[in-house]
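Below, each chain spelled out in residue letters.
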Amino acid sequence: MSFFLPIQPPCPSCDTESPMELVLSVNADRRPQLRLGMLDGTFQRQTCPACGATFRPEPEFIYQDVGRGQWIAVEPVDNLAQWQTLEDKAYATWDRAFGDRAGGPAREIGEALTPRVTFGWPAVVEKLLCAEHGIDDIHLELMKMSIIRMGGSVPMDDTTELRLARVEGDTLVLGWIEAKAETPVSIIEIPQSGLEGYNTEAWAPLRAQVSAGLYVDMNRLLAGA
Ligand SMILES: [Zn+2]
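Counting from 1, residues in each chain are numbered in the order their sequence is written. Selection of residues for local features in this predicted model requires a pLDDT of at least 70, selection of side-chain atom pairs for listing and counting requires 80 or more, and totals for whole chains, interfaces and linings are taken over all residues. As a rule here, side-chain values cover all heavy atoms of the structure and leave hydrogens and water aside.

Colleague: When you look at the packing of aromatic side chains in this model, what are you seeing that I'm missing?
Modeller: Two aromatic rings are characterised by how far apart their centres lie and by the angle between their planes. Aromatic pairing here means that ring centres of Phe, Tyr or Trp (its six-membered ring) are within 6.5 Å. Orientation follows from the plane angle: under 30 degrees is stacked, over 60 is edge-to-face, and everything else is tilted. Evaluated as defined, the whole model comprises eight aromatic pairs. Taking 5.8 Å as the distance between ring centres and 40° as the angle between the ring planes, the aromatic pair formed by Trp 94 and Phe 98 counts as tilted. With centroids separated by 4.8 Å and ring planes inclined at 70°, the aromatic side chains of Tyr 198 and Trp 203 adopt a geometry described as edge-to-face. Assigned by exposure class, Tyr 198 and Trp 203 land together as buried. In textbook terms, an aromatic cluster arises when at least three aromatic residues are bridged by ring pairs, as seen for Phe 43, Phe 61 and Trp 121. Here, over-ring charges are defined by two tests on the NZ atom of lysine or the CZ atom of arginine: distance to the ring centre within 6 Å, and angle to the ring normal within 35 degrees. The ring of Trp 121 has Arg 56 sitting right over it, with the charged end atom 3.8 Å from the ring centre. Buried residues are those whose accessible area, probed at 1.4 Å on protein chains only, stays under 20% of the maximum for their type, while exposed residues exceed 50% and partly exposed ones sit between those limits.

What follows is the structure, given as structure tokens:
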């Protein structure tokens, strides 16, 4: 099932309240258009009836797509500082729904699902793009770390993150994206072959660290450093 809650969020530009249905859970198998809306950025986006500004609340829902093997606890980017606590909470939710504490049939479905937790819209879209294009999200995080290590201009701060924004043919388009505004600050294009080489022995320690929990994101290493 997909669940929604009626709310009246105020427009961030003019404070006018307008009704919308806030999503609490997304079942992409039954509602594929919700997944497409997440990918094109229209999902949960409101247009203010008074001033025409568009906005959307930060995401906070469970995303499930058995067909593509995805289960994601989606958190607002404001909760990033509590990622360790929320990772534990997501694991407990996962465990009851599809893991060891779930009933037999659900556990069987769970074996084909990869559980994750993400923070903010750009991060969950990135996970959807990985499933869509057969990209290993662990290798993607290691590639991002390589990009940062190579130096150059790094506009990273608390909410500006390096995210896979789209895939164009053989090209991965990554953006430094301000997570709340969802606006790219700058764009980096890399051929898909840039994802190769991260399954070697040399990368094993970092591979283990970045995938040590449901929060598969290079931020877990940076936050712990
Ligand atoms: Zn407005």
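Next comes the rest of the account.
Colleague: Sorry, what's going on with helix H2 (residues 83-97) here?
Modeller: At 3.6 residues per turn, the α-helix brings residues three or four places apart onto the same side. In this model, H2 (15 residues) spans 20 Å end to end at C-alpha, consistent with the 21 Å of a helix rising 1.5 Å per residue. Burial in H2 covers these residues: Trp 83, Leu 86, Glu 87, Ala 90, Trp 94 and Asp 95. By definition, any uninterrupted DSSP run of H or I lasting at least four residues is a helix, any uninterrupted run of E lasting at least two residues is a strand, and each is numbered from the N terminus. In this scheme, a helix's expected span is set at 1.5 Å multiplied by one less than its residue total.

Colleague: Just to check I follow, could you spell out the side chain of Glu 126 for this structure?
Modeller: Topologically, Glu 126 is positioned in helix H4 (residues 121-133). Of the residues examined, Glu 126 reaches a relative accessible area of 1% and is grouped as buried. Under this definition, polar contacts are N or O atom pairs within 3.5 Å; protein pairs additionally need one hydrogen-donor-capable and one acceptor-capable atom, and for neighbouring residues in sequence, both atoms have to be side-chain atoms. Polar side-chain contacts of Glu 126 include one of 2.8 Å to the side chain of Lys 144. Contacts are assigned to residue pairs that have any heavy atoms within 4.5 Å of one another. With residues up to four places along the chain from it excluded, the contact list for Glu 126 reads Leu 140, Glu 141, Lys 144, Leu 162, Arg 163 and Leu 164.

Colleague: I would appreciate a short explanation of the pairing of strand S6 (residues 70-75) in the present structure.
Modeller: If a strand is regular, its side chains alternate between the two faces of the sheet. Of all six residues that make up S6, six are buried, and the element is covered over most of its length. Residues Gln 70, Ile 72 and Val 74 point to one face of S6 and Trp 71, Ala 73 and Glu 75 to the other, with burial holding for every one of them. As judged from the five bridges shared by strand S5 (residues 61-65) and S6, these two strands associate in the antiparallel manner. The partner of Phe 61 across the bridge, within S6, is Val 74. Paired strands, in this sense, are two strands between which DSSP finds at least two bridges.

Colleague: Please explain the nonpolar core as it appears in this structure.
Modeller: It is characteristic of soluble globular proteins that their nonpolar side chains tend to be buried jointly. Within the largest apolar cluster, 25 residues are counted, with the highest numbers of intra-cluster contacts made by Ile 135, Leu 140, Leu 142, Met 143, Leu 164, Leu 172 and Leu 174. Within the residue set of this core, elements represented by two or more residues are H4, helix H5 (137-149), strand S8 (160-168), strand S9 (171-178) and helix H6 (204-210). The leading source of residues in this core is H5, at six residues. Setting aside its immediate chain neighbours within four residues, Leu 164 contacts Glu 126, Leu 129, Ile 135, Leu 140, Leu 172, Val 173 and Leu 174. The criterion is simple. A nonpolar core is a set of buried Ala, Val, Leu, Ile, Met, Phe, Trp, Tyr and Cys residues joined through side-chain atoms within 4.5 Å.

Colleague: What should I look at first to understand the sheet that holds S9 in this one?
Modeller: For sheets, the rule is that strands pair by backbone hydrogen bonds, running either parallel or antiparallel. Read across the open sheet, the three strands follow the order S8-S9-S10; overall the sheet is antiparallel. Here the strands that pair on one side only, and so sit at the sheet edges, are S8 and strand S10 (183-191). Neighbour-to-neighbour, the strand axes of the sheet open up by a mean angle of 25°, direction not taken into account. Strand direction decides the pairing type here: S9 and S10, joined by eight bridges, are antiparallel. Across the sheet, Trp 176 pairs through a bridge with Ser 186, a residue of S10. What counts as an axis is a line fitted to C-alpha atoms, over the stretch in contact for a helix, and the angles between N-to-C directions run from 0 to 180 degrees. Taken strand by strand, H4 contacts S8 and S9, and its axis lies near 30° from that of S8.

Colleague: What exactly am I supposed to notice about the coordination of the zinc ion here?
Modeller: For a metal bound by four donors in a tetrahedral arrangement, the ideal donor-metal-donor angle is 109.5 degrees, while six donors in an octahedral arrangement ideally sit at 90 or 180 degrees. Within the protein, Cys 11 (SG), Cys 14 (SG), Cys 48 (SG) and Cys 51 (SG) serve as the donor atoms for the zinc ion, at 2.3 Å. Metal coordination here is assigned from N, O and S atoms located within 2.8 Å of the ion, or within 3.2 Å for Na, K and Ca; omission of water means that sites may look incomplete. Square planar and octahedral sites, with four and six donors, are those where opposite donors lie more than 155 degrees apart and all other angles lie between 65 and 115, tetrahedral sites have four donors with every angle between 85 and 135 degrees, and the rest are irregular. For the zinc ion, the four donor atoms in the first shell make angles of 103 to 114° at the metal, a pattern classed as tetrahedral. Summarised as a motif, the one-chain spacing of the donors to the zinc ion is C-x2-C-x33-C-x2-C. Separated by 37 residues along the polypeptide, Cys 11 in the loop between strand S1 (3-7) and strand S2 (20-27) and Cys 48 in the loop between strand S3 (46-47) and strand S4 (54-55) bring together distant segments of the chain.

Colleague: Looking at this structure, how should I read the sheet that holds strand S7 (residues 114-119)?
Modeller: Pairing within the open sheet is mixed, and its five strands lie in the order S1-S2-S5-S6-S7. Each of the sheet's edge strands pairs with one partner strand only, and the pair in question is S1 and S7. Here the strands of the sheet are splayed against their neighbours by 25° on average, with no regard to which way each runs. Strands in contact with helix H1 (residues 32-40) are S1, S2 and S5; relative to S5, the strand with the most contacts, it is inclined by about 115°. Seen against the sheet, H2 touches S5, S6 and S7 and runs at an angle of roughly 140° to S6.

Colleague: Which parts of the structure should I look at to understand the packing of H4 against H5?
Modeller: Axis angle and axis distance: for two packed helices, these are the angle between their axes and the distance between the axes, and together they describe the pair. Relative orientation of the contacting elements H4 and H5 amounts to 120°, with a least axis distance of 10 Å. Judged by the inter-axis angle, H4 sits oblique to H5. Contacts between H4 and H5 pair Glu 126, Lys 127 and Cys 130 from the former with Asp 137, Leu 140, Glu 141 and Lys 144 from the latter. The residue makeup of the contact of H4 with H5, split by class, is two nonpolar, no polar and five charged. Each angle is binned into one of four classes, with values under 35 degrees roughly parallel, values over 145 roughly antiparallel, values of 65 to 115 roughly perpendicular, and all other values oblique. Classes in brief: Ala, Val, Leu, Ile, Met, Phe, Trp, Tyr, Cys and Pro nonpolar; Asp, Glu, Lys and Arg charged; the others, Gly included, polar.

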